[in-house]
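# Summary of the model geometry
As a plain string of letters, each chain reads:
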Amino acid sequence: MGIRFILMVNKQGQTRLAQYYEYLTLEERRALEGEIVRKCLARTEQQCSFVEHRNYKIVYRRYASLFFLVGVDNDENELAILEFIHLLVETMDRHFGNVCELDIMFHLEKAHFMLEEMVMNGCIVETSKANILAPIQLMEKSS
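Description of the structure in this document. (Residues numbered from 1 in each chain as written. Predicted model: local features only at pLDDT ≥ 70, side-chain atom pairs only at ≥ 80, totals over all residues. Heavy atoms only, no water.)

### Focus: the sheet that holds strand β5 (residues 66-72)
Across the sheet, which stays open at both edges, the five strands sit in the order β2-β1-β5-β4-β3 with antiparallel pairing between neighbours. Each edge of the sheet is formed by a strand with only one pairing partner; in this case those strands are β2 (15-20) and β3 (50-53). Looking at each pair of strands side by side, their axes are set apart by 20° on average, direction ignored. Judged from the seven bridges that link them, strand β4 (residues 56-63) and β5 form a sheet pairing that is antiparallel. The residue bridging isoleucine 58 from the neighbouring strand is glycine 71, located in β5. Helix α4 (residues 108-118) contacts β1 (3-10) and β2 of the sheet and is inclined by roughly 35° relative to β2. (Pairing = 2+ DSSP bridges. Helix = DSSP H or I, 4+ residues; strand = E, 2+ residues; numbered from the N terminus. Axes fitted to C-alpha atoms, helices over the stretch in contact; angles between N-to-C directions. Contact = heavy atoms within 4.5 Å.)

The structure is reproduced here in structure tokens:
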């Protein structure tokens, strides 16, 4: 499948956005998020951005006050996922103008919409920033 989940977390470990591409109960999600966030936030900047946890490979990157964590299958290419995270941040930057935690909190539906344009059923389907943002801009024009 590829991508299993995407999390955006602040420096205090609070989840600001969570998108899952496989079924997990609420308790399983809460436990998984807690374990992964503790593991990733405890790492230093000198350590690599890949962590194995349970049956997932976690690829993460910190931008300003937000951590972007992506859980993938063990056979997925880590560098491709790092590039996907960078594309996601660049897309959000283009729309919000230097994306921050508050942008995600106050415009959660737009952040989810961007993710839905980029990833379908755990597979990356769109990488063009213009194509990702076009439907959002159309919605904003009509409202």
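### Some thoughts on the side chain of glutamate 101
Within the secondary structure, glutamate 101 is located in helix α3 (residues 101-106). The buried category is assigned to glutamate 101, whose relative accessible area is 16%. A polar atom in the side chain of glutamate 101 sits 2.9 Å from the side chain of asparagine 10. Among the polar contacts listed, one links the side chain of glutamate 101 to the side chain of arginine 16, at a separation of 2.7 Å. (Buried < 20%, exposed > 50% of the residue type's maximum accessible area, 1.4 Å probe, protein only. Polar contact = N/O pair within 3.5 Å; in protein donor to acceptor, adjacent residues only side chain to side chain.)

### A closer look at a nonpolar patch on the surface
On the surface, Leu102, Met105 and Phe106 cluster together into a nonpolar patch covering about 310 Å² of accessible area. Residue position: phenylalanine 106 is located in helix α3. (Patch = residues over 30% accessible without salt bridge, like charges linked within 9 Å, V, L, I, M, F, W, Y side chains within 5 Å. Areas by Shrake-Rupley, 256 points an atom, 1.4 Å probe, with all protein chains shown as cover. Salt bridge = Lys/Arg side-chain N within 4 Å of Asp/Glu carboxyl O.)

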